[in-house]
Amino acid sequence: GRNAPLITRKMWRNIIGHSIYQLSVSFVILYAGPKLYDIKEGVGVHYTIIFNSFVFMQIFNEINSRMLLDEKNPFKGLISNKIFMVVIAVTCIFQTIIIQFGGKPISTEPL
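Below is a short write-up of the structure. These numbers come from a predicted model, not from an experiment. (Residues numbered from 1 in each chain as written. Predicted model: local features only at pLDDT ≥ 70, side-chain atom pairs only at ≥ 80, totals over all residues. Heavy atoms only, no water.)

## Observations concerning helix 1 (residues 9-37)
Note that an α-helix has 3.6 residues per turn; residues three or four places apart therefore point the same way.
Point 1. A bend of about 60° at Y31 is the largest found in helix 1, and the proline P34 appears one to four places after it.
Point 2. Taken together, the buried positions of helix 1 are H18, Q22, S26, I29, G33 and P34.
Point 3. In this structure, the buried side of helix 1 is in contact with helix 2 (44-64).
Point 4. Directly after helix 1, the chain includes D38, whose backbone phi takes a positive value near 55°. (Bend = angle between axes of the 7 residues up to and from the residue. Helix = DSSP H or I, 4+ residues; strand = E, 2+ residues; numbered from the N terminus. Buried < 20%, exposed > 50% of the residue type's maximum accessible area, 1.4 Å probe, protein only. Contact = heavy atoms within 4.5 Å.)

## Quick word on the packing of aromatic side chains
Point 1. According to the stated counting rule, one finds two aromatic pairs in the structure shown.
Point 2. When the ring of F27 is compared with that of Y31, the centres are 6.0 Å apart and the planes differ by 20°; the resulting orientation is stacked. In this pair, F27 and Y31 are both assigned in helix 1, four residues apart and thus about one turn of the helix distant.
Point 3. Looking at Y31, the relative accessible area reads 61%, which means it is exposed. (Phe/Tyr/Trp six-rings, centres within 6.5 Å; stacked < 30°, edge-to-face > 60°.)

## Quick look at the nonpolar core
Point 1. Core analysis: the largest hydrophobic core is formed by six residues, namely V55, I59, I63, L78, F84 and I88.
Point 2. Those elements that place two or more of their residues in this core are helix 2 and helix 3 (82-101).
Point 3. Looking at which element gives the most residues to this core, the answer is helix 2, with three residues. (Core = buried A, V, L, I, M, F, W, Y, C linked by side-chain atoms within 4.5 Å.)

In structure tokens, the structure reads:
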């Protein structure tokens, strides 16, 4: 109805859960990334990995956010939504272009 909350408890659970996941992964890459990936700390490659991970975690979140209730399979019906698939594909393509060719203007280094 009119007085129902815009964001339900299940949505809050998913928002908070994904936030914890994303912060955890980001901090692991930030602080343990140089050892995990055998790179120098604080160099362009390190920050490019953090940026790239962030973008792909957002794509993962977009896929999971399609399910508002407690559906178990976020991939169900994924390919039947053509517009969504185009958005995901374009995001992945542009992310790859930005990482590989962004260089100094975007502060990325090719991975």
